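An overview of the molecular structure
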Amino acid sequence: MALNLSTMQERPPYEGAARKLVLAFDVGTTYSGISYSILDPGEPPVICDVTRFPSTEHVGGNSKIPTIIYYDNDGIARAFGGEALQEAIIEKADEEEWVKAEWWKLHLRPKNMSSIHVRDEDIPLLPPLKTAVELLADFMKYLFQCVRTYIEESHANGRDMWQSFESDIDFVLSHPNGWEGAQQAQIRRAAVMAGLVPDTPEGQARIRLVTEGEASLHYCLGCKHTADAFKGDVGVMIIDAGGGTIDISSYYMTSSPPTIREIAPTECRLQGSIFITQRAEEHLEQKLLGSKFGSKEDIKQMKNEFDKTTKLRFSNPEEPSYIRFGTVRDKDPAFNIRSGQLKLPGSEVATLFEPSAEAIIAAVEDQRKAAAEPITGTTISETKEFRKDYIVECAERTTCDTVATEIVCYRGDSLNPQWADLEPAMFSNLCTVHADTSKVSKTLSPRRGFAGMQYYRQQFGIILKFGLTELEAQISWKEDDEEKRGPATVVFDHVVEAI
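In short, a report on the structure. (Residues numbered from 1 in each chain as written. Predicted model: local features only at pLDDT ≥ 70, side-chain atom pairs only at ≥ 80, totals over all residues. Heavy atoms only, no water.)

1. Let's talk about the overall build of the protein chain
A count of helices and strands for the protein chain gives eleven helices and 24 strands. For the protein chain, the C-alpha atoms occupy an extent of roughly 95 × 65 × 55 Å along the three principal directions. Counting every position in the protein chain, which comprises 499 residues, the buried fraction comes to 42%. In the protein chain, of all internal contacts separated by at least 6 residues, the share reaching a separation of at least 24 is 61%. (Helix = DSSP H or I, 4+ residues; strand = E, 2+ residues; numbered from the N terminus. Buried < 20%, exposed > 50% of the residue type's maximum accessible area, 1.4 Å probe, protein only. Contact = heavy atoms within 4.5 Å.)

Structure follows, in structure tokens:
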């Protein structure tokens, strides 16, 4: 990936012929947010945040909402975001046995990610008969409703303005660095299920996927507090320590010409802040064995309080931390519980952070090594193409109207893998490229082969572009010695949804 630094720091005017609305959804593991831009021809884009959501006066700041959904027993979503944390909703959910869905984004993760410590059973279960893609669709539909309300209420003639945009809105959807084509396909399917775009090539063209590393880079370039770091010939590492994942990206800035390029493979570690809370819950269960405050309900309350306050305040392992969970009458001195709060040694709390801190340090070191070593492979830019030519022979011309070819992925450490049988577990089918070759087959003339049998020979090329966030493909053929190209579809065959 290569970007022009001067145009990033000073956004160029929008070159479109008509006004356009672009919405950006950041669906995080724990919190989510929305930004948008109304593009006016000839004017530099201005990015705005949605700063008002239902029932979020005291939740996560004004620009984000908890990534939480409540479902009733019929699988119908009943509450989202800040609404799901209201006392009345919690009471009703308990009375009617609704299911609370949180951290569900992690069910979409690639199973090949470096996450031995994370198992499906470590993540809260999905609601019965619901898939993670369906939850993502429901949540994006809710975000769409929120941004519509915000724009209609915040802009002059907002309702008329929204109606003028509604049928042709572009969407930017972010995802962790480590997510691959299968997860990108799930995001696109969820966007269709949510009603954001129709399930057509034109509808899919209105969606742009971006990694969280790329999104962080764009934010830093536009933020006055960090833009000064992007000057001269210098390398910059961006660490996005989120709720579920830790995303790390490294870039190099050149002053002449002013560009930014990626200099190391992005890193994604499943050691975000929710795993600190998860370790705290496990620690409390063991620590309070035998205490009258060791019940499941008390532990749950302590875990929630740890997540909201204790975890955020911790800064010094030499000082004790406190988890408030009860009234001043609640005490169990044998377990360091007095006046409704549990006292924890700072050293114990520090151990809860250590795996996440160690993951960040390890990822940073890996980035440094990868960036410092000479490039031994191929530097991929947005325009770099990889091509493989094919020859197909068939008895009937009509059987040449479509082609499909598998793309095999290698996930090992070798820089030049040659033999699949040496590391069979490291090779897998990543996707299948499908293309309409009817235009090629129309140019074919019959040939004669063995025993005079008639056949057709078709020659074409499959072109892959890896430099963008998503893998793109084209088909190439020749007519009268002139190269022609057409679109090809990338289908990820092994999309496994968590249920």
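Following the structure, the description resumes.
2. Details of the sheet that holds strand β8 (residues 99–102)
Through backbone hydrogen bonds, the strands of a sheet pair up, either in parallel or in antiparallel fashion. Spatially, three strands are ordered β7-β6-β8 in an open sheet, and the strand pairing comes out antiparallel. At either margin of the open sheet sits one strand with a lone partner, and together these are β7 (77–80) and β8. Adjacent strand axes in the sheet meet at a mean angle of 25°, parallel and antiparallel pairs treated alike. Of the strand pairs in this sheet, strand β6 (residues 68–71) and β7 are connected by three bridges, and their pairing is antiparallel. Counted as the bridge partner of Ile69 is Phe80 from β7. On the sheet, helix α3 (residues 132–154) packs against β6, β7 and β8 and is oriented at approximately 110° with respect to β6. (Pairing = 2+ DSSP bridges. Axes fitted to C-alpha atoms, helices over the stretch in contact; angles between N-to-C directions.)

3. Some words on the nonpolar core
Leu23, Phe25 and Met140 are the most contacted members of the largest nonpolar core, which has 46 residues in total. Within the residue set of this core, elements represented by two or more residues are β2 (20–27), β3 (31–39), β6, α3, α4 (158–165), β9 (170–175), α5 (181–193) and β10 (207–211). Broken down by element, this core gets its largest block of residues, 14 residues, from α3. Residues in contact with Leu23, not counting those within four places in the same chain, are Ser35, Tyr36, Phe144, Val147, Ile151, Trp162, Ile169, Asp170, Phe171 and Val172. Listed in part, the 18 residues of the second largest apolar core include Leu284, Leu288, Met302 and Phe314. (Core = buried A, V, L, I, M, F, W, Y, C linked by side-chain atoms within 4.5 Å.)

4. Examining the pattern of salt bridges
Scanning all chains against the criterion turns up 22 salt bridges. Glu153 serves as the salt-bridge partner of Arg52, at 3.5 Å between the closest nitrogen and oxygen. Here the residue Arg52 occupies a position in the loop between β4 (48–49) and β5 (65–66), and Glu153 occupies one in helix α3, the gap between them amounting to 101 residues. Since its relative accessible area comes to 40%, Arg52 is described here as partly exposed. In this structure Glu153 comes out as exposed when scored by relative accessible area, which is 55%. Residue Arg368 pairs with Glu365 through a salt bridge whose shortest N-O separation is 3.1 Å. Here Glu365 and Arg368 lie together in helix α10 (residues 346–372), a separation of three residues that amounts to about one turn. (Salt bridge = Lys/Arg side-chain N within 4 Å of Asp/Glu carboxyl O.)

5. Some thoughts on the pairing of β10
Most of β10 is tucked away: four of the five residues are buried. As defined by bridge partners, β9 adjoins β10 across five bridges and the pair is classed as parallel. Along β10, the bridge assignment pairs His175 with Thr211.

6. Points about the side chain of Thr437
Here Thr437 lies in the loop between β20 (427–436) and α11 (438–441). Assessed through its relative accessible area of 0%, Thr437 is described here as buried. Setting aside residues no more than four positions away along its own chain, Thr437 makes contact with Cys400, Asp401, Thr402, Val403, Gln458 and Ile475.

7. Points about the environment of Glu385
Structurally, the position occupied by Glu385 is in strand β18 (residues 385–394). Take Glu385: its relative accessible area is 31%, and that puts it in the partly exposed class. Residues Glu385 and Pro333 lie 52 residues apart in sequence; the distance between their C-alpha atoms is 68 Å. Beyond its immediate stretch of four places on either side in the chain, Glu385 contacts Ile463, Leu464, Lys465 and Arg485. Side-chain polar atoms of Glu385 contact the side chain of Arg485, separated by 2.9 Å. (Polar contact = N/O pair within 3.5 Å; in protein donor to acceptor, adjacent residues only side chain to side chain.)

These figures come from the coordinates and say nothing about function on their own.
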